[in-house]
Amino acid sequence: MRASRFFISTLKDAPSDAEIVSHQLMMRAGMIKRLGSGIYTYMPMGLRVIRKIENIIREEMQKAGAIELSMPVVQPAELWQETGRWDKMGPELMRVKDRHGRDYAIQPTSEEVVTEIARSEIKSYRQLPVNFYHIQTKFRDERRPRFGLMRGREFTMKDAYSFDADLAGMQRSYQNMFDAYVRIFTRFSLQFRAVAADNGAIGGSGSHEFHVIAKTGEDALVYCPDSDYAANIEAAEALALVDATEATSGESQKLQKISTPGKKKCEDVAASLNVSLSKMVKAIALAVEIKSEQGLQVHVWLLLLRGDHEMNEAKVKKIPGLAEHRFATDEEIQTCFGSQPGYLGPINVKKAVTIVVDRTVAHMRDFVCGANETDFHYTGVNWGRDLPEIAESHVFDIRNVVEGDPSPDGKGILAIERGIEVGHVFQLGTRYSQDMKATFLDENGKPQLLQMGCYGIGVTRILGAAIEQNFDEKGMIWPAAIAPFEVVLCPMAYDRSEMVKAQTDALYEALQEAGIDVVLDDRGERPGVMFADWELIGVPHRIVIGERGLKEGNLEYLGRRDACATAVAVGEMLAFIQNKLVQ
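Heads up: these notes are all about the structure in this document. Since this is a predicted model, take the numbers as computed values, not measurements.

Quick word on the overall build of the protein chain
- Broken down by element type, the protein chain carries 16 helices and 31 strands.
- Here the C-alpha coordinates of the protein chain stretch approximately 95 × 65 × 50 Å along the principal axes.
- Evaluated residue by residue, the protein chain yields a buried proportion of 51% over its 583 residues.
- A sequence separation of at least 24 residues applies to 70% of the contacts in the protein chain between residues at least 6 apart.
- In the structure as shown, the protein chain presents an accessible area of about 26,900 Å², 49% of it carried by carbon and sulfur atoms.
- Between the averaged position of the 69 positive side-chain charges in the protein chain and that of its 82 negative side-chain charges there is a distance of 3 Å.

Quick word on the nonpolar core
- Residues M31, I53, I57, F188, W478 and W534 are the most contacted members of the largest nonpolar core, which totals 64 residues.
- In contact with F188, other than residues within four places in its own chain, are I53, I56, I57, I462, P479 and I482.
- Grouped together as the second largest cluster of nonpolar side chains are 27 residues, V281, V300, L302 and L344 included.

Let's talk about the pairing of strand 21 (residues 415-429)
- Within strand 21, 12 of the 15 residues are buried, leaving the element largely enclosed by the surrounding structure.
- Pairing geometry for strand 10 (residues 206-213) and strand 21, over 8 bridges, is antiparallel. Its bridge partner being in strand 21, G206 is matched across the sheet by Q427.
- Bridge count for strand 11 (residues 219-223) against strand 21 is 5 bridges, and the pairing is antiparallel. Paired with A220 across the bridge in strand 21 is R418.
- Examined bridge by bridge, strand 21 and strand 24 (residues 451-458) share 6 bridges and lie antiparallel to one another. Looking across to strand 24, one finds that V425 is bridged to Y455.

Points about the pattern of salt bridges
- Across all of its chains, the model carries 44 salt bridges by this definition.
- With a shortest N-O distance of 2.9 Å, R58 and E68 are connected by a salt bridge. In this pair, R58 is assigned in helix 2 (residues 44-63) and E68 in strand 3 (residues 67-68), connecting sequence segments 10 residues apart.
- Residue E68 is classed as partly exposed on the basis of its relative accessible area, which comes to 35%.
- Connected through shared salt-bridge partners, E59, E60, K63, R183 and R187 make up one network.

Some details on the packing of helix 2 against helix 12 (residues 459-469)
- Relative to each other, helix 2 and helix 12 sit at 115°, their axes nearing to 9 Å. One way to sum up the angle between helix 2 and helix 12 is to call them roughly perpendicular. Two packed elements cross with a definite hand, and for helix 2 against helix 12 that hand is right-handed. Of helix 12, the residues touching helix 2 (which contributes G46, V49, I50, I53, E54 and I57) are V459, T460, I462 and L463.

Some points on the side chain of D521
- In this structure, D521 sits in the loop between strand 28 (518-520) and helix 14 (527-537).
- Side-chain polar atoms of D521 contact the side chain of R523, separated by 2.9 Å.
- At 2.7 Å, the side chain of D521 and the side chain of W534 are in polar contact.
- For D521, the residues in contact, after removing those within four places along its chain, are A3, L489, P491, M530 and W534.

A closer look at the sheet that holds strand 16 (residues 326-327)
- As summarised here, the arrangement of the 5 strands in space is 16-14-15-17-20, forming an open sheet in which the pairing is mixed. Taken across any chain shown, the strands that pair with only one partner, and hence form the sheet edges, are strand 16 and strand 20 (395-396).
- Bridge count between strand 14 (residues 281-292) and strand 15 (residues 295-306): 12 bridges; the pairing is antiparallel. Looking at the pairing, K282 lines up with L305 of strand 15.

Observations regarding the packing of helix 2 against helix 6 (residues 167-187)
- Two elements in contact, helix 2 and helix 6, have axes separated by 10 Å at closest approach and are oriented at 150°. Between helix 2 and helix 6, the interaxial angle falls into the category roughly antiparallel. Read as a crossing pair, helix 2 and helix 6 show a hand that is right-handed. Side by side, helix 2 and helix 6 meet where I56, I57, E59, E60, M61 and K63 of the first sit next to M177, A180, R183, I184 and R187 of the second.

Considerations on the environment of D522
- Counting through the fold element by element, D522 comes out in the loop between strand 28 and helix 14.
- Of the residues examined, D522 reaches a relative accessible area of 17% and is grouped as buried.
- Along the chain, D522 and F576 lie 54 residues apart, while their C-alpha atoms are 23 Å from each other.
- The contacts of D522, once residues within four sequence positions are left out, are R2, A3, S4 and Y494.

Calculation notes
- Position numbers for residues count from 1 along each chain, tracking the sequence in the order it is written.
- pLDDT decides what is reported in this predicted model: residues at 70 or higher carry local features, side-chain atom pairs at 80 or more are listed and counted, and totals for whole chains, interfaces and linings draw on all residues regardless.
- Values reported for side chains reflect all heavy atoms of the structure, with hydrogen atoms and water molecules removed beforehand.
- Starting at the N terminus, helices and strands are each numbered in turn, a helix being any DSSP run of H or I of at least four residues and a strand any DSSP run of E of at least two.
- Each residue is placed in one exposure class: buried if its accessible area under a 1.4 Å probe, protein chains only, is under 20% of its type's maximum, exposed if it is over 50%, and partly exposed if it falls in between.
- Residue contacts are counted whenever heavy atoms from the two residues lie within 4.5 Å of one another.
- Under the convention used here, a 1.4 Å probe and the Shrake-Rupley method define accessible areas, while residue burial counts only the protein chains that appear.
- Think of it this way: Lys and Arg go in the positive column, Asp and Glu in the negative one, and His and the chain ends go nowhere.
- The atoms used to mark charge sites are NZ of Lys, CZ of Arg, CG of Asp and CD of Glu.
- To qualify as a nonpolar core, a set must consist of buried Ala, Val, Leu, Ile, Met, Phe, Trp, Tyr and Cys residues joined through side-chain atoms within 4.5 Å.
- Here, strands pair whenever DSSP counts at least two bridges between them.
- What counts as a salt bridge is simple: a side-chain nitrogen of Lys or Arg found within 4 Å of a carboxyl oxygen of Asp or Glu.
- Between N-to-C directions, angles cover 0 to 180 degrees, with each direction set by a line fitted to C-alpha atoms, over the stretch in contact for helices.
- Under this scheme an angle from 65 to 115 degrees is roughly perpendicular, one under 35 degrees roughly parallel, and one over 145 degrees roughly antiparallel; angles in between are oblique.
- Handedness of each helix crossing follows the sense of rotation of the near helix against the far helix: counterclockwise by less than a right angle gives left-handed, clockwise gives right-handed.
- Here a polar contact is taken to be a pair of N or O atoms separated by no more than 3.5 Å, where protein atoms must pair a possible hydrogen donor with a possible acceptor and residues adjacent in sequence count only if both atoms sit in side chains.

Geometric descriptors of this kind do not, in isolation, establish any biological role.
The structure is reproduced here in structure tokens:
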């Protein structure tokens, strides 16, 4: 590619609405152009990166036995209504009507459509297993689109769907896709981590997320440096930090009601009482609305966590009865506890509520909690004396782990790093085949539900994630496998020096013949402008051709991460670059 025949449009400064590094650099490098809120045009430079990402994905999916098709962007509402997701997905699902008033969804994903294909096409166990995939535009109506391609509304995703005859087969397909994802992200040359995850709105029995490691990542990844344990913060198991024997050993403190005027937060109460935050118990009131023949009834739950811990929303939703919870209103709290929020606790509750206790709190003793009276707290609270012994059926893991917690596998302590989710694999089981009655005939001629898995990669999101992991003050630093170009030739006075032009053209042809993706900057720009553009764009390998070097028989090589240039003999440059590209 000659730069004069390509479209290069760089900016000195990023637009004011570009919030994070990847968004700023992609806008400055002319890779994307904003069309509307969360909607971008992929300009030629950015599209080259996308196509390279897609090619690697296709190659590995085909190696894994997946079969490519293309499903529609616009999908009939009836399919989504069969699975209940037409209502459950809420406003994130973009709904439209055609001229006849029929409802359609703009696809955010394609579980319903692919299940419709399977139930109409798969008749026998002999057709299984099968795995369909496509790389397709998706749309999710994000409440607050931000961060460029990282949290946009329209994006490109690779989604695959496996169908098997039984659970063991589904698990084999799942492992097959997991292994393919490891190969894909390894080929991208990105530092990544696969972690156990919560299935969320997709449903199913188990899943793993693939995260690109970056300090700016939105997700907290939990792992044990001494073992293979890894999970995202939503799915990471939090063990009890107090041994059960400690809750009953030694003499207990006296229960006292202490005046704490204006102290609503655990941190403020702990400071005023001169106790550790780990001695505090915070109370969170949740409400669940239940429809019955008598009308709408509200049931209030009280969750108890240690003062220095945070509630894990995903874990709470898995507690029977709390899947559709919300935070209780001030009026509901006053009715049940007789107090303002900030002074709640399990002692002297005014109206029946269901109490849920975190594992650690269940073993605490002599703790501090709200007295259900405005401006008062209890100290020296103990289970079995001041409160009934908590039943095991009310004890759950409901908190986020924190760095230094014991690893659930017993092999060390947990560490936390930030990551950007770019892939997710799910064991769906019969979540969709049951709702949509997708069956096949087994060896005995009996109908059985198809066992499903689904597997997604955020193609356009990878651009942002790769940049967040690889940049400096000059611009982006692309791994060669997904860079818009692998090598850039920067000739000095290309339009004025026959020597430079002849050698540049010869090297350009040699690199092309060797299958190397090279761009020749023949725009006639000044060296400073030329170098700044390609450093911003992030091409990993740069070769400078100038008369001074040629007279000495050398060309100048500079890797994008290198501090100093290297002189390479003209006749050795092709082999030198080929060696660099395989490192």
